[in-house]
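In case you want the letters, here they are:
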Protein chains: 2
Amino acid sequence: MDETDEQRADAFFHALSDRTRRDILRRVLAGEHSVSALAAKYDMSFAAVQKHVAVLERAGLLTKRRQGREQLATGDVQAVRSVASMLSELEDIWRGRVDRIDTYLKEN
Amino acid sequence: MDETDEQRADAFFHALSDRTRRDILRRVLAGEHSVSALAAKYDMSFAAVQKHVAVLERAGLLTKRRQGREQLATGDVQAVRSVASMLSELEDIWRGRVDRIDTYLKEN
DNA sequence: ACAACATACAACCGATCGGTTGTATGTTGG
DNA sequence: CCAACATACAACCGATCGGTTGTATGTTGT
């Protein structure tokens, strides 16, 4: 967990901390959706949904590809897995199965 | 993912979205620490650290037990695992291995 | 060509966040 | 007993968040 990883973790967990964004992520993991198609599903403005998509994109949890006038969003399962691996690291710490404790907790 | 689970997810991911809180969680997963012992590790006020501990506690990521005048905090690895299982669910959606799609995405 | 559509982004607003200081309450060691 | 310690919590502050409306820019179908 270096500085860069901590920044990625900040972005990941922040992006996942909002219900609407988690719901959007589920949809785009199931398949490509345009931003407007996503916006149509929620009781909020297009701009609000567009910003949620942007947050997920900045965190690396989805990518967009342009097709004509639409922007198609797809969930990035590898990013989801790297969040999962951050949690595994926590589990490893709990198990005491940490190779170099000092990198995780600069003691004491 | 019912309403209650969504609330838990909100609390989990919000709690994990802060660096200091993730660091505290690592420490208390490795072993019990009093709130003051934790506070001593960070360049911020005791009150700030106490609030971080409270956020982790409200999310269920740690529990406290009183011993004399100290409050000893321990990380709850089961809570960490239930966050991991929320991510597995996302992976399942990506794989198309979702039993009841409608419960995840009330289409269309 | 051009009207309608899809997207992006800025400005703004109230609410929440992460930090501070100060105060109150309980616990303990000498 | 009481001074020092450990914790909790309220009030406050600037920054960020999640939402809004409005505007600009590109793309498309007819």
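Located above this text is the structure these notes cover.
One structure accompanies this document, and this report is about it. (Residues numbered from 1 in each chain as written. Chains lettered and ligands numbered in written order. Predicted model: local features only at pLDDT ≥ 70, side-chain atom pairs only at ≥ 80, totals over all residues.)

Next up on the list: the nonpolar core. Of all hydrophobic cores here, the largest spans 50 residues; its most connected members are Leu25, Leu56 and Leu61 of chain A together with Leu25 and Leu56 of chain B. For this core, the secondary-structure elements that each account for two or more residues are helix H1 (3-16), helix H2 (19-30), helix H4 (46-58) and helix H5 (77-95) of chain A together with helix H1 (3-16), helix H2 (19-30), helix H4 (46-58) and helix H5 (77-95) of chain B. Residues contacting Leu56 of chain A, with those up to four places away along its chain left out, are Ala15, Arg21, Ile24, Leu25, Leu61 and Leu62 of chain A. (Core = buried A, V, L, I, M, F, W, Y, C linked by C-beta atoms within 7 Å. Buried ≥ 20, exposed ≤ 12 C-beta atoms within 10 Å, placed from the backbone. Helix = DSSP H or I, 4+ residues; strand = E, 2+ residues; numbered from the N terminus. Contact = placed C-beta atoms within 7 Å.)

Let us look at the sheet that holds strand S3 (residues 70-75) of chain B. Residue and element names in this part refer to chain B. Pairing is antiparallel across the open sheet formed by 3 strands, whose spatial order is S1-S3-S2. Since the sheet does not close on itself, it has two edges, and those belong to strand S1 (33-34) and strand S2 (62-67), each with one partner. Taken together, the 2 bridges between S1 and S3 define a ladder with antiparallel strand orientation. Within S3, the residue paired with Ser34 across the bridge is Leu72. (Pairing = 2+ DSSP bridges.)

All right, on to the interface of chain A and chain B then. With 26 residues of chain A in contact, the opposing surface of chain B contributes 26 residues. Elements supplying a minimum of two residues to the side of chain A that touches chain B: H1, H2 and H5 of chain A. Tallying contributions element by element places H5 of chain A first for the side of chain A that touches chain B, with 9 residues. Taken together, the residues of the side of chain A that touches chain B sort by class into 16 nonpolar, 3 polar and 7 charged. (Nonpolar A, V, L, I, M, F, W, Y, C, P; charged D, E, K, R; others polar.)

This part covers the sheet that holds strand S3 (residues 70-75) of chain A. Residue and element names in this part refer to chain A. Here 3 strands make up an open sheet; going across it, the order is S1-S3-S2 and the pairing antiparallel. Where the open sheet ends on each side, the last strands, each with one partner, are strand S1 (33-34) and strand S2 (62-67). Pairing of S2 with S3, which is carried by 6 bridges, proceeds in the antiparallel orientation. In the strand pairing of S3, Arg66 is matched with Gln71.

Lining the immediate surroundings of DNA strand C are 22 residues, of which Ser36 of chain A together with Ser45, Ala47, Ala48 and Gly68 of chain B lie closest. Looking at the surface near DNA strand C, the elements with two or more residues in it are helix H3 (35-39), H4 and S3 of chain A together with H4 of chain B. For the surface near DNA strand C, the leading source of residues is H4 of chain B, giving 4 residues. Grouping the amino acids of the surface near DNA strand C by side-chain chemistry returns 6 nonpolar, 10 polar and 6 charged. (Near = placed C-beta within 6 Å.)

With that settled, consider the relation of the copies chain A and chain B. Note on the identical chains: chain A maps onto chain B by a rotation of 180° and an axial translation of 0.0 Å, with an RMSD of 0.0 Å. These values place the two chain copies in the arrangement generated by a two-fold rotation axis. (Least-squares fit on C-alpha atoms with pLDDT ≥ 70 in both.)

Attention now moves to the protein's contact with DNA strand D. Neighbouring DNA strand D are 22 residues; Ser45, Ala47, Ala48 and Gly68 of chain A together with Ser36 of chain B lie closest to it. A total of 4 residues in the surface near DNA strand D trace back to one element, the largest contributor, which is H4 of chain A. A breakdown of the residues in the surface near DNA strand D according to their chemical character gives 6 nonpolar, 10 polar and 6 charged.

Where H2 of chain A meets H5 of chain B, the closest approach of the two axes is 7 Å, and the angle between their N-to-C directions is 35°. The handedness of the crossing between H2 of chain A and H5 of chain B is right-handed. Together, Leu25, Arg26, Leu29 and Ala30 of chain A of H2 of chain A and Leu90, Ile93 and Trp94 of chain B of H5 of chain B make up the contact between the two elements. (Axes fitted to C-alpha atoms, helices over the stretch in contact; angles between N-to-C directions. Left-handed = near helix turned anticlockwise from the far one by under 90°.)

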